[in-house]
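For reference, the chains in residue letters:
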Protein chains: 2
Amino acid sequence: MVLPAILRRRAVREYRKDPISSEQIEEIIKAAQFAPTARNRRAVEFIVVTDRETRTALSNALLPQEFVKEAPVIIVPVVNTKAASKPVIDLALASQNIFLQATSMGLGSIWKHVHEGEELEKVRAILGIPENFLLTNIIPIGYAEVPPPPHTDAEYDAKKIHREKW
Amino acid sequence: MVLPAILRRRAVREYRKDPISSEQIEEIIKAAQFAPTARNRRAVEFIVVTDRETRTALSNALLPQEFVKEAPVIIVPVVNTKAASKPVIDLALASQNIFLQATSMGLGSIWKHVHEGEELEKVRAILGIPENFLLTNIIPIGYAEVPPPPHTDAEYDAKKIHREKW
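Now for a description of the structure that goes with this document. (Residues numbered from 1 in each chain as written. Chains lettered and ligands numbered in written order. Predicted model: local features only at pLDDT ≥ 70, side-chain atom pairs only at ≥ 80, totals over all residues. Heavy atoms only, no water.)

## Description of helix 6 (residues 118–127) of chain A
Residues and elements named next belong to chain A.
- Looking only at helix 6, the buried set comprises Glu-119, Leu-120, Val-123, Arg-124, Ile-126 and Leu-127. Projected onto a plane normal to the axis of helix 6, the buried residues spread over an arc of 165° and lie on a single side. Of the residues in helix 6, the exposed ones pointing more than 90 degrees away from the buried face are Glu-118 and Ala-125.
- Packed against the buried residues of helix 6 are strand 1 (44–49), helix 3 (52–61), strand 2 (73–80), strand 4 (112–113) and strand 5 (133–134).
- Phi for Gly-128, located one or two positions after helix 6, is positive at around 65°. (Buried < 20%, exposed > 50% of the residue type's maximum accessible area, 1.4 Å probe, protein only. Helix = DSSP H or I, 4+ residues; strand = E, 2+ residues; numbered from the N terminus. Arc of directions from axis to C-beta. Contact = heavy atoms within 4.5 Å.)

Structural data, given as structure tokens:
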């Protein structure tokens with residue numbers, strides 16, 4: 001049953017400081033590793049940041065949003081562009097598994113976009129990421145200050161379904 | 001508990017002809033609609049193809065793989081590029097929810113890539129998709145001829161996790 005996690009998965013922008021265990025982090029990254037990758041290249045890797053100073057540096061490198069440094073853990077999916085077939089897609093598929101696995105463990109998360117250019121280069125420098133690895137986003141994770149309400153069927157939009165043709 | 005579905009989600013390349021009900025399709029698309037979208041633009045829509053002739057046309061438009069037309073349903077996620085902030089990422093996030101929801105319902109699925117250029121234009125013509133809607137993939141769905149074995153921890157690669165920095 002994945003639908004409950006899909007409905008409870010919401011962008012969380014306020015985190016409690018409570019730490020997350022190594023076991024929790026490992027379970028989340030395991031979920032991400034088993035996301036599909038284009039041509040099964042499996043070229044996605046993960047940086048786990050818990051250090052307060054590094055989290056603050058990452059937060060300052062991006063459009064500032066307090067929650068980026070408040071979340072106790074930031075997972076950064078990166079992909080080897082020399083090995084991947086569709087690097088941006090691989091990162092998104094892995095990220096979605098991270099969101100869902102975190103949700104199913106009672107944790108909040110969010111896609112914090114890293115824009116190409118200055119933001120990307122700053123994040124690369126802070127984390128020492130090699131030139132041939134790309135990232136599109138970082139994922140703060142932690143317990144939500146106020147767990148957001150799940151999605152409901154009221155939001156479901158049947159008009160976005162087209163039968164047989166457009 | 002999403003991990004069981006994540007582990008059981010494997011690319012399926014042989015489908016039984018058994019049909020899928022409208023209710024099953026709706027449940028899968030509901031899961032897709034609740035995937036996150038960049039800046040919450042929610043610009044992803046879905047074409048559901050069950051017509052045998054259309055499935056064959058789609059199959060012939062792409063690098064030929066028999067399973068594309070054998071699967072009883074093909075879901076085609078498309079995104080309004082005028083509304084979306086990160087259209088390719090939005091499509092991938094929605095697709096991953098489709099894979100997981102289908103898996104949790106005992107169904108197989110696969111990312112069948114639609115390459116930019118000739119393939120994309122052919123698919124656009126077959127389905128009548130407007131110019132401002134983009135797609136990256138189609139998703140055949142059905143019961144697997146032979147359900148593939150789930151991922152196991154043996155495949156989990158701890159070397160792809162970097163602590164604090166690269």
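## Section: the pairing of strand 2 (residues 73–80) of chain B
Residue and element names in this part refer to chain B.
- Counting buried residues in strand 2 gives eight out of eight residues, a clear majority hidden from the surface.
- Burial of the side chains of strand 2 extends over both faces: Val-73, Ile-75, Pro-77 and Val-79 are buried on one face and Ile-74, Val-76, Val-78 and Asn-80 on the other.
- In terms of strand pairing, strand 1 (residues 44–49) meets strand 2 through six bridges, oriented antiparallel. Bridging across to strand 2, Phe-46 finds its partner in Pro-77.
- As judged from the three bridges shared by strand 2 and strand 6 (residues 137–142), these two strands associate in the antiparallel manner. Looking at strand 6, one finds that Ile-74 is bridged to Pro-140.
- Sheet topology note: the strand 2/strand 5 (residues 133–134) ladder contains two bridges and is antiparallel. What sits directly across from Val-79, in strand 5, is Leu-134. (Pairing = 2+ DSSP bridges.)

## Points about the pairing of strand 1 of chain A
- With six of six residues buried, strand 1 of chain A lies mostly within the body of the structure.
- Of the two faces of strand 1 of chain A, the one lined by Val-44, Phe-46 and Val-48 of chain A and the one lined by Glu-45, Ile-47 and Val-49 of chain A are each fully buried.

## Describing the pattern of salt bridges
- Considering all chains together, one arrives at 18 salt bridges over all chains under this definition.
- Here Arg-16 of chain A makes a salt bridge to Asp-18 of chain A, at a shortest N to O gap of 3.3 Å.
- With relative accessibility at 31%, the residue Asp-18 of chain A sits in the partly exposed group.
- As a salt-bridge pair, Arg-124 of chain B and Glu-121 of chain B come within 3.3 Å of each other at their nearest N and O atoms. Residue Arg-124 of chain B and its partner Glu-121 of chain B are both found in helix 6 (residues 118–127); the two are separated by three residues, about one turn of the helix.
- Accessibility expressed as a relative area gives 38% for Glu-121 of chain B, which makes it partly exposed. (Salt bridge = Lys/Arg side-chain N within 4 Å of Asp/Glu carboxyl O.)

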